[in-house]
Amino acid sequence: QVSVLHKFRGILFSTVSSEELLNALDSFDVREDDVFLVSYPKSGTHWIAEIIENIPNARITLTSPIELGDISKLEELKMYSKRRVIPTHLSYDLLPVKVKQKKCKIIYIVRNPKDTAVSLFHYYRDNPNLPCVETWAAFLELFLKGEVVYGSWFDHVLSWEEHRNDKNILIIFYEELKKDFSKSLKKIATFLGINVNDSEINKIAWKTSFSEMKNNSVKENSDLNHTICALTSDRKLVFRKGVVGDWINYFTSKQKRVFDELFTEKMKHSELARVLEEIS
Ligand code: A3P
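Residues numbered from 1 in each chain as written. Predicted model: local features only at pLDDT ≥ 70, side-chain atom pairs only at ≥ 80, totals over all residues. Heavy atoms only, no water.

K.L.:
Go over empty space enclosed by the protein with me, naming the residues and quoting the values.
P.N.:
Applying the stated rule across the entire model yields one cavity of 30 Å³ or more. In this structure, the largest cavity spans a volume of roughly 40 Å³. What lines the largest cavity is simply I11, F13, H89, L90, S91, L94, Y150 and H156. Residue composition of the lining of the largest cavity, by class: five nonpolar, three polar and no charged. (1 Å grid on protein atoms, 1.4 Å probe; cavity = no way out; pocket = protein on both sides within 12 Å on 5 of 7 lines; lining within 4 Å. Points joined across faces, edges and corners; volume = space filled by probe spheres on them. Nonpolar A, V, L, I, M, F, W, Y, C, P; charged D, E, K, R; others polar.)

K.L.:
Could you give me a rundown of the pattern of salt bridges, with the residues and numbers involved?
P.N.:
In the structure shown here, the tally under the stated rule is 15 salt bridges. With a closest N to O distance of 3.0 Å, R164 and E271 form a salt bridge. Of the two residues, R164 sits in the loop between α7 (153-161) and β7 (169-173) while E271 sits in helix α13 (residues 271-279), which places them 107 residues apart along the sequence. For the salt bridge of K256 with D260, the shortest nitrogen-to-oxygen distance reads 2.7 Å. Placement of the pair is K256 and D260 together in helix α12 (residues 253-266), with a separation of four residues, close to one helical turn. For K256, a relative accessible area of 32% puts it in the partly exposed group. The class of D260 is partly exposed, set by a relative accessible area of 23%. Via salt bridges that share partners, K114, K256 and D260 belong to a single interconnected network. (Salt bridge = Lys/Arg side-chain N within 4 Å of Asp/Glu carboxyl O. Helix = DSSP H or I, 4+ residues; strand = E, 2+ residues; numbered from the N terminus. Buried < 20%, exposed > 50% of the residue type's maximum accessible area, 1.4 Å probe, protein only.)

K.L.:
Break down the layout of surface pockets for me, with residues and values.
P.N.:
The volume enclosed by the largest pocket comes to roughly 460 Å³. Lining of the largest pocket is provided by 30 residues; of these, R111, F210, V238, F239 and R240 occupy positions nearest its centre. Looking at the lining of the largest pocket, the elements that each hand over two or more residues are α2 (45-53), α5 (113-126), α8 (174-179) and α11 (210-219). At five residues, the largest contribution of residues to the lining of the largest pocket is made by α5. Along the lines of polarity and charge, the residues of the lining of the largest pocket split into eleven nonpolar, ten polar and nine charged. Estimated volume of the second largest pocket: approximately 210 Å³. Around the second largest pocket, the lining is made up of 14 residues, and of these N112, K114, L276, E277 and S280 lie nearest the centre. Among the elements of the structure, α5, α12 and α13 are those that each provide at least two residues to the lining of the second largest pocket. Among the residues making up the lining of the second largest pocket, the classes are represented as seven nonpolar, three polar and four charged.

Have a look at this one:
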């Protein structure tokens, strides 16, 4: 099999993210009103992106991920005149330094890591841009070692958690969005400085429901300009089950124990981990 991943600063990336582009990210022309939509893969990025796009009067353009493609990406992103919402799966340290200096708004979405692992396992199986994996057990081992695309879930979340109290960062939980859509949506809208009323919220909830998004993805053709995740432009690969707690159908009790031990050790000082444990 041709290698579909490469390592950049110790982290696995898809070869569609060129080394040259990753190296050049710090020279990206960041605008103060840019919004970054950040997540570890399979945390609900497409969902949040769809929500933001459906907020009336948001006056934004959703771009493709900053790390997708070659160096021409940085030029391409200059062409948008509206406020840009830029998705990415980068960890905090790899984000362009000017995003931090200019204090751009950042929405970080986080999801229960067991469900994230199961979702990523299916992505590995279905997505031709990712390596083959034989079994769930083999995949889980790679996931726990951080030998998967975008590296360790733990390190990714911890890199962002360090900045959870920064005023320009909003953290949204997938499980919370499932449980109380309206509350999370209001948080997002307020953060972006937009008002939404109840009838708008209901409309957005309907348009961004799992079934609606899944049905639409079947009708859509792959569109490189409408790519949220650098790992695919084929939206049919994204909408699998869309539920909380599917991990229970995959983890053996031994796998759960090993996972929980690592979770406890890695996340012992993590406040996000406490929240995740509460809501999922
Ligand atoms: P599952 O594989 O568990 O179904 P990302 O967008 O970051 O790639 O995350 C994809 C995950 O989010 C998938 O999880 C997908 O089904 C789920 N998802 C996408 N849209 C959703 C929606 N509208 N409601 C709930 N879950 C959604």
